[in-house]
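# Structural features, examined
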Amino acid sequence: MILKACLVDSAFKHVRKQELRESFFDRPFLPITAVKNERFAFQMLVRTDRRCMCCLDETNYLNWDGLYDRVRIEMKASTPLVQDLQMRFEGYVPDDAGTLTADPILEVGNCSLDELVPQAVWVDGAVLPEFEGDEISIDFTFYHQAGFGDEERILTLSATVRVAPVVLPQLRENSVYHFYLWQHPSNWAKTFGVRLWGEDHFAVIENMLKELSSVGISTTTLVVSEFPWNGQMCCTEYEYPSDLYEHNIVKVYKGKDGRFWCNFDVMDRYLALCEKYHMCREIDLMGLIYIWAGVAEGQFAQGQVMNIKENAGKNAPGNPFDDYSDGVRIRYYDESDGLYKYMHKKAELGEYVRLLFYHFVEKGLWDRVSLFSDEPVDVEVCGKWMETIKGFVPELRVNIRLGVFNEEIIETYGEQEKNLVTHFSGVLCHREMVMKVKDQNRKRGGTFDWAICCTPDHPNTFIQSPLIEARLTSWMTYQMDMDGYENWKFAIWPSDPWNRVSYKDPSWLSGDMFYVYPNHNGKPCSSVRWENIRLGLQDYNLFRMLEEKGVSLREMRELYLDPVLTPFEEAKVEFDVYSTRPEIHFGYSRDYRDYENIRAKLIGRLASFQID
């Protein structure tokens, strides 16, 4: 057997049948620099001259068609003080052009290799704080076995990890970076085929929250009405039917006395899990303001309204209210006649809002609660609906987080509401105003985040995006001096995410809906995009650690960011219309060695403070 293998960096994107020159497998793998507690990662490519079974453990796997050549890869570290050191095969999914691209990181121990087709393997681990040396070697031995013959060693590879005497706090212990990802538990139940809010569903929920917590997510998002985003208008996608509707986590009843009451058991159980995983620093309620009814007053830019009107179809959920223009959908069980109904009067909504808000007051959580308003466009309508909700509880201070995309709303409400998020194009178009509002919010204990979703084409975290862009979201957050990064997509899956990632192409590109995949065991399956985001979050913490040593933001930018990223002041956007695909003029180095060199300098400087 002729076997070729090499080690490549964590940002290398492998395309399934990409032709690689023979010299590619001969290039040396440069040492990587890490600190203690930091998860390091790199990749391996393996290619054989014949079809064979490749194994990452000692199990005697066979393929369905019998016994043929086998390759076993053994990995050993030069010290036992490497936590969770593991090799995992990467899976391949089609991007929007149908090109099979490495993305999911599989938990299986074996993989069938096709003749002369390289297979990617993800390798990662973390050096424990107890390690006292300055270097670790990770060695790989490749064994070949033909039929019932004995194994033979045919190749060895080695990676060097240089370890600095710096300890990185766990991401879940980080309280500085505001990494904000929405949670879609209704979609999780449907994808895994379990009953909504049942025991099996809560097992899935815990697995998902645990993964979110591992990267430092500290905000809980709760949907407290029915399908507030209209299922992302999934009712228009006849060619790829997918159920994207989210449902109220609160059970609402109308008693025989005509008064409403709520059962908060499911929501409280969800919150208890979030507390367990340190995700209740903030609690965002979704579905009470600016509901996506499609054609309600002032909800979308004119072009979007017309598009939705033409394509929605007669079954698109609309507004159930007779006397209120925001289409909040509250379903309840009427105990007087045993029928389910929807609220139709604004006064009924007021009763529900008071019950909901005061539940958080009674639990001592109200100071953590914000209402999330997603993509309001009309300033007057937005203000009217916010004042309506606040008017139901005038004695309470109601915080609102605005996900905004235009200058007028930022200018009007930026000084009133202390938590905002805007798209990257909005940051660039309204740079001076965004920075002013952001600084004001910080003084009031608020946050101003940035986001990328749906657009732009670059930078982004699509399947087709260069992997380094996922890692650079955190570098860009630091460079722009924003408080954090927000995205709607941790995991909201179409009906067949493993075989058809693309949904709503070209509006949404492949990978725009999720970072992780649904595994058969009820757990999320990671991806190379998700792991590169994790690596970037660690980088951000290193930046902040050095800043805390007295290094100014200006110096940090000049030394560690501007050499590889377009300076923030020079980045530009050509279009300020969310319904189009704005073109971002923002460059960055495509050479991974540049980032490794900067990390080495950054870590070396941190280490010098440790020695002093």
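Predicted model, so just to flag it, every value in this text is computed and none were measured.

As a further point, take the packing of helix H11 (residues 468-480) against helix H12 (residues 528-548). Viewed as axis vectors pointing N to C, H11 and H12 meet at an angle of 25°, and their least axial separation amounts to 6 Å. The pairing of H11 with H12 is recorded here as roughly parallel in orientation. Note on packing geometry: the crossing formed by H11 with H12 is right-handed. Each of Ala470, Arg471, Ser474, Trp475, Thr477 and Tyr478 in H11 lies in contact with H12, whose residues at this interface are Arg529, Asn532, Ile533, Leu535, Gly536, Leu537, Asp539, Tyr540, Phe543, Arg544 and Glu547. Of the residues assigned to the contact of H11 with H12, the class counts are eight nonpolar, four polar and five charged.

To continue, consider the packing of aromatic side chains. Under the defined criterion, the tally for this structure stands at 34 aromatic pairs. A ring pair is formed by tyrosine 290 and tryptophan 385, whose centres lie 5.0 Å apart and whose planes are at 70°; its orientation type is edge-to-face. On the criterion of sequence distance, the pair formed by tyrosine 290 in the loop between strand E16 (282-286) and helix H5 (302-311) and tryptophan 385 in helix H7 (residues 379-392) is long-range, its members being 95 residues apart. By relative accessible area, which is 2% here, tyrosine 290 ends up buried. Relative to tyrosine 517, the ring of tryptophan 498 has its centre 4.9 Å away and its plane inclined at 35°; by these criteria the two rings are tilted. Residue tryptophan 498 is found in the loop between strand E23 (484-487) and strand E24 (517-518), and its partner tyrosine 517 is found in strand E24; the two are separated by 19 residues along the sequence. Among the residues examined, tryptophan 498 registers a relative accessible area of 26% and is labelled partly exposed.

In this section: the nonpolar core. Ranked by internal contacts, the top residues of the largest apolar core, which has 162 residues, are Tyr352, Leu356, Phe357 and Phe360. Ignoring any residue separated from it by four or fewer positions in sequence, one finds tyrosine 352 in contact with Val224, Asn248, Val250, Val252, Cys262, Leu288, Ile330 and Met343. Core analysis: the next-biggest nonpolar cluster, separate from the first, contains 32 residues, Phe40, Ile73, Ile136 and Ala159 among them.

Of all residues in the protein chain, 94% have pLDDT values of 70 or greater, and the mean over the chain is 92. Note on residues 294-313: pLDDT is under 50 here. Beyond four places in sequence and across chains, it has 35 contacts.

Let us look at empty space enclosed by the protein. Applying the stated criterion to the full structure yields five cavities of 30 Å³ or more. Considered as a void within the structure, the largest cavity measures approximately 100 Å³ in volume. Lining the largest cavity are 13 residues, and of these Phe40, Ala41, Arg471, Tyr592 and Arg599 lie nearest its centre. At the level of elements, strand E2 (32-36), strand E3 (39-48) and helix H14 (592-611) are the ones that each hand at least two residues to the lining of the largest cavity. Taken together, the residues of the lining of the largest cavity sort by class into six nonpolar, two polar and five charged. For the lining of the second largest cavity, the residue count by class is eight nonpolar, one polar and one charged.

Across the sheet, five strands lie side by side as E1-E3-E9-E6-E7; this open sheet has antiparallel pairing. Looking along the sheet, the strands with just one partner apiece sit at the ends: strand E1 (3-9) and strand E7 (100-105). Shown here is a sheet whose adjacent strand axes are inclined to one another by a mean of 30°, direction ignored. Here seven bridges tie E1 to E3, and the two strands are oriented antiparallel to one another. Looking at E3, one finds that alanine 5 is bridged to valine 46.

Relative to the helices and strands, cysteine 55 is located in strand E4 (residues 52-55). Separated by 305 residues in sequence, cysteine 55 and phenylalanine 360 place their C-alpha atoms 51 Å apart. When residues no more than four places from it in sequence are discounted, the contact partners of cysteine 55 are Tyr61, Arg70, Val71, Arg72, Ile73, Gly109 and Asn110.

What counts and what doesn't
- Along each chain, the written sequence defines residue order, and numbers are assigned to residues from 1.
- The predicted nature of this model means local features are confined to residues of pLDDT at least 70 and side-chain atom pairs, given and counted, to a pLDDT of 80 or more, with totals for whole chains, interfaces and linings taken over all residues.
- The basis for the side-chain values is all heavy atoms of the structure; hydrogens and waters are excluded.
- Note on geometry: axes are lines fitted to C-alpha atoms, helical ones only across the stretch in contact, with angles between N-to-C directions running from 0 to 180 degrees.
- The helix and strand labels rest on DSSP assignments: H or I over at least four residues marks a helix, E over at least two residues marks a strand, and numbering proceeds from the N terminus.
- Small angles under 35 degrees read as roughly parallel and large ones over 145 as roughly antiparallel, with 65 to 115 read as roughly perpendicular and the rest as oblique.
- Left-handed describes a crossing whose near helix is turned anticlockwise from the far helix by less than a right angle; the clockwise case is right-handed.
- In this analysis, two residues are considered to be in contact whenever any of their non-hydrogen atoms come within 4.5 Å of each other.
- Under the scheme applied here, ten amino acids are nonpolar (Ala, Val, Leu, Ile, Met, Phe, Trp, Tyr, Cys and Pro), four are charged (Asp, Glu, Lys and Arg), and all others, including Gly, are polar.
- Two rings belonging to Phe, Tyr or Trp (six-membered ring only in the last case) form a pair when the distance between their centres is within 6.5 Å. Interplanar angles under 30 degrees mark stacking, angles over 60 mark edge-to-face geometry, and anything in between is tilted.
- Burial classes: relative accessible area under 20% of the type maximum marks a residue as buried, over 50% as exposed, and values in between as partly exposed (1.4 Å probe, protein chains only).
- To form a nonpolar core, buried Ala, Val, Leu, Ile, Met, Phe, Trp, Tyr and Cys residues must be joined to one another through side-chain atoms within 4.5 Å.
- As a per-residue measure, pLDDT reflects the predictor's confidence and takes values from 0 up to 100.
- Throughout, the protein atoms alone are placed on a 1 Å grid, and a set of points is a cavity if a 1.4 Å probe fits but cannot get out or a pocket if it is open with protein on both sides within 12 Å along at least five of seven lines; lining residues have an atom within 4 Å of a point.
- Grid points are joined across faces, edges and corners, and a volume is the space filled by probe spheres set on the points.
- Strands are labelled as partners when DSSP assigns at least two bridges between them.

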